[in-house]
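As a plain string of letters, each chain reads:
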Amino acid sequence: MGLYKNNTELSRRGGRKLSRFSNNGLLFWVFSLAVLCFISFAVFGLGMHFHGKLEHGMLPWRELQEDYIGHDVPDRPTKKPRRQRFFPCEVAFRDSVDFLVEPKDFLNFTQFSLGYMETEKEASHIDAHEPKFGGHQTFEEREQSFFAVNQTIRCGFVRGAEGFPSTGFDLKEEDKRYMSTCRVVVSSCIFGSSDFLRRPTSKLISEYSKKNVCFVMFVDEETLSTLSTEGSTPDDGGFVGLWKLVVVKNLPYKDMRKTGKVPKFLTHRLFPSSRYSIWLDSKLRLTTDPMLIIDHFLWHTGSEYAISNHYTRHCVWEEVLQNKRLNKYNHTAIDEQFSFYQSDGLTKFDPSDPNPPLPSYVPEGSFIVRAHTPMSNLFSCLWFNEVDRFTSRDQLSFAYTFLKLKRMNPDKPFHLNMFKDCERRSLVKLFHHRDPSSPPPPRIS
């Protein structure tokens, strides 16, 4: 009896222990299974649900949230796509400048006499307006200026009548004398401290060019001061490396970009004795001998003007949209200019045209090679006048100016060579415009 009682007691105690063990084990395994299911669902479930590869960096729950909730959930900010990269291509330059010879009668293009208005002569212009650098051109005068005939036109540097102040772009007399001696010119400008001074790569420039080509950088007083603090102080002759720094006082426009169009387009006005010129924006460093450039892009092609096409855009319609998308200029001003051009015959670029008047209607205008012929000079004046009248975005007015000049002078060709942008990239090294927080670049010899 006692033994039975003891066995019964032991059985009860063992049952209670087994029960506690069974309950705890069951809870453990249930909890473990739940954790494994949750992990499996988080890692694999959503990928299976969408039957596709998850995008890098996108959380699965976000996709599920959008799938069930819809488009009311604001999108997370995404990374900007990488800019498309563009590369230079080979240009078949001559090996040396030693045996370069200007082709006989090369400058014998369309001939006519082109004069430039120095002062506003008509009383109506003087009485109605304050004098301005580009002058006050009527619509009739503008139309007449597109004809390649003997004429005097407005082309910047228009002074007011006696007693009126200067209209701007004032230079020292000694700088004017120096510039009047230049026969071949490489020029650029920096206004408003917008860029560092990018010196031409001296070791790639021939001794002939160093002696016979003028390298002139136009700057304002602010830029001169900034460059000096960065170690680019001109010597007694005004030189920093190959660049001759010419200081411009009394800038003609508040818009620095528009002021920059004066030396860009009016090289023939600033250097009255020059036969050839090369313009490069201040964001570029010249890495090719200028005489080889003139030989290749003008002499070999029989051209009097050379400029590269834009690397992505070829239609003015596209250029208008891009300027407005990036807020490059006042949208209303862009619309007014564009509407006027359309009303005067500007059409879209047709890539299917087997014989287009230009390879592209949008240039990459940072590099220009010119022979200073009457037709080249006229085109430069007309293009400048469009910038003066409308916006400083010169890519908007290039095709209109060229096509109108061509249309109004069907018997007088203008030999313009629009070369590939990859060729432009082989002539220079491209930099971004100055970031105020960036240190000046190292000197390159």
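What this report covers is the structure whose coordinates are included nearby. The model shown is predicted, which means the values in this text are computed figures rather than measured ones.

So, how was this worked out
Residues numbered from 1 in each chain as written. Predicted model: local features only at pLDDT ≥ 70, side-chain atom pairs only at ≥ 80, totals over all residues. Heavy atoms only, no water. Helix = DSSP H or I, 4+ residues; strand = E, 2+ residues; numbered from the N terminus. Buried < 20%, exposed > 50% of the residue type's maximum accessible area, 1.4 Å probe, protein only. Contact = heavy atoms within 4.5 Å. Areas by Shrake-Rupley, 256 points an atom, 1.4 Å probe, with all protein chains shown as cover. Disulfide = S-S within 2.5 Å. Polar contact = N/O pair within 3.5 Å; in protein donor to acceptor, adjacent residues only side chain to side chain. Pairing = 2+ DSSP bridges. Core = buried A, V, L, I, M, F, W, Y, C linked by side-chain atoms within 4.5 Å. Phe/Tyr/Trp six-rings, centres within 6.5 Å; stacked < 30°, edge-to-face > 60°. Arc of directions from axis to C-beta. Salt bridge = Lys/Arg side-chain N within 4 Å of Asp/Glu carboxyl O.

1. Points about the overall build of the protein chain
Phase 1: The helix and strand inventory of the protein chain stands at 15 helices and twelve strands.
Phase 2: The 445 residues of the protein chain split such that 46% are buried.
Phase 3: When contacts within the protein chain are restricted to residue pairs at least 6 apart in sequence, those whose partners lie at least 24 apart make up 82%.
Phase 4: Within the structure as shown, the protein chain displays about 24,900 Å² of accessible surface, and the carbon and sulfur contribution to it stands at 55%.

2. A word on the state of the cysteines
Phase 1: For the coordinates displayed, the defined rule picks out three disulfides.
Phase 2: Sulfur-sulfur distance for the disulfide between cysteine 89 and cysteine 422 comes to 2.1 Å. On the S-S bond that ties cysteine 89 to cysteine 422, the torsion sits near 70°, and the link is right-handed. Of this pair, cysteine 89 sits in the loop between helix 2 (60-69) and strand 1 (114-116) while cysteine 422 sits in helix 15 (residues 421-427), placing them 333 residues apart in sequence.
Phase 3: Across a sulfur-sulfur distance of 2.1 Å, cysteine 182 and cysteine 214 are joined as a disulfide pair. Because the torsion about its S-S bond is -95°, the bridge between cysteine 182 and cysteine 214 counts as left-handed. Pair noted here: cysteine 182 is in the loop between helix 5 (173-180) and strand 3 (184-190) and cysteine 214 is in strand 4 (residues 213-219), with a separation of 32 residues, a long-range link.
Phase 4: Residue class for cysteine 182 comes out buried when judged on its relative accessible area of 0%.
Phase 5: Overall, cysteine 214 belongs to the buried group, its relative accessible area being 8%.
Phase 6: The connectivity of the disulfide-linked cysteines in the protein chain, indexed sequentially, is 1-6, 2-5, 3-4.

3. Considerations on the side chain of aspartate 295
Phase 1: Residue position: aspartate 295 is located in helix 10 (residues 290-299).
Phase 2: For aspartate 295, a relative accessible area of 3% corresponds to the buried category.
Phase 3: The contact partners of aspartate 295, leaving out residues within four places of it in the chain, are Arg94, Leu100 and His300.

4. Overview of the side chain of asparagine 323
Phase 1: Looking at the secondary structure, you find asparagine 323 in helix 11 (residues 316-325).
Phase 2: Separated by 2.8 Å, the side chains of asparagine 323 and arginine 393 make a polar contact.
Phase 3: Apart from the residues lying within four places of it in its own chain, the contact partners of asparagine 323 are Lys328, Tyr329, Ile334, Arg393 and Leu396.

5. Quick word on the sheet that holds strand 4
Phase 1: Taken together, the eight strands give an open sheet; going across it, the order is 5-6-4-3-7-10-9-11, and neighbouring strands pair in mixed fashion. A single partner strand is all that each edge strand has here, and the edge strands are strand 5 (239-240) and strand 11 (416-419).
Phase 2: With seven bridges connecting them, strand 3 and strand 4 associate as parallel partners. Its bridge partner lying in strand 4, valine 185 is registered against cysteine 214.

6. Remarks on the nonpolar core
Phase 1: Ranked by size, the top nonpolar core spans 60 residues in total, and within it Phe169, Phe218, Phe379, Phe398 and Leu416 carry the most contacts.
Phase 2: The element contributing the most residues to this core is helix 13 (residues 374-389), with eight residues.
Phase 3: Leaving out residues up to four positions away in the same chain, phenylalanine 398 has contacts with Ile307, Leu358, Ser360, Tyr361, Pro363, Phe379, Trp383, Leu416 and Met418.

7. Concerning the packing of aromatic side chains
Phase 1: A full pass over the atoms with the stated rule returns 30 aromatic pairs.
Phase 2: Here tyrosine 276 and tryptophan 299 contribute two aromatic rings whose centre-to-centre distance is 5.9 Å and whose plane-to-plane angle is 75°, an arrangement assigned as edge-to-face. Of this pair, tyrosine 276 sits in strand 7 (residues 276-280) while tryptophan 299 sits in helix 10; the two residues are 23 residues apart in sequence, bridging distant segments of the chain. Each member of the pair, tyrosine 276 together with tryptophan 299, is buried.

8. Some thoughts on helix 11
Phase 1: Within helix 11 the residues assigned to the buried category are Val316, Glu319, Val320 and Asn323. Buried positions in helix 11, seen along its axis, are confined to an arc of 100° and lie on one side of it. Every exposed residue of helix 11 that faces more than 90 degrees away from the buried side is listed here: Leu321 and Arg325.
Phase 2: On its buried side, helix 11 packs onto helix 12 (331-343) and helix 14 (398-408).
Phase 3: Just beyond helix 11, the residue with positive phi is asparagine 327, at close to 55°.

9. A word on the environment of serine 225
Phase 1: Structurally, the position occupied by serine 225 is in helix 7 (residues 221-229).
Phase 2: Overall, serine 225 belongs to the partly exposed group, its relative accessible area being 44%.
Phase 3: Separated by 32 residues in sequence, serine 225 and serine 193 place their C-alpha atoms 8.9 Å apart.

10. Points about the environment of valine 101
Phase 1: Following the sequence through the fold, valine 101 ends up in the loop between helix 2 and strand 1.
Phase 2: Through-space distance from the C-alpha of valine 101 to that of aspartate 295 is 8.6 Å; in sequence the pair is 194 residues apart.

11. Some points on unusual backbone geometry
Phase 1: A positive phi is found at asparagine 250, a non-glycine position, where the angle reads about 60°.
Phase 2: For asparagine 250, the position within the fold is in the loop between strand 6 (243-247) and helix 8 (256-265).

12. Here's the deal with the pairing of strand 7
Phase 1: Burial analysis of strand 7 places five of its five residues in the buried class, which makes it a mostly covered element.
Phase 2: Alternating positions in strand 7 separate into two faces, Tyr276, Ile278 and Leu280 on one and Ser277 and Trp279 on the other, with burial throughout.
Phase 3: Relative to strand 7, strand 3 is paired through four bridges, and the arrangement is parallel. The partner of valine 186 across the bridge, within strand 7, is isoleucine 278.
Phase 4: As defined by bridge partners, strand 7 adjoins strand 10 (residues 363-371) across five bridges and the pair is classed as antiparallel. Counted as the bridge partner of isoleucine 278 is valine 369 from strand 10.

13. Concerning the pattern of salt bridges
Phase 1: Scanning the model with the defined rule gives 22 salt bridges in all.
Phase 2: Measuring nitrogen to oxygen at the nearest pair gives 3.5 Å for the salt bridge that ties lysine 176 to glutamate 173. Of this pair, lysine 176 and glutamate 173 both sit in helix 5, three residues apart, roughly one helical turn.
Phase 3: Between aspartate 394 and lysine 261 there is a salt bridge, with the nearest N and O atoms lying 2.8 Å from each other. One end of the pair, aspartate 394, is in the loop between helix 13 and helix 14; the other, lysine 261, is in helix 8, and 133 residues separate them in sequence. Across the pair, exposure class does not vary: aspartate 394 and lysine 261 are buried alike.
Phase 4: One salt-bridge network, held together by shared partners, links Arg142, Glu143, Asp344, Glu386 and Lys404.

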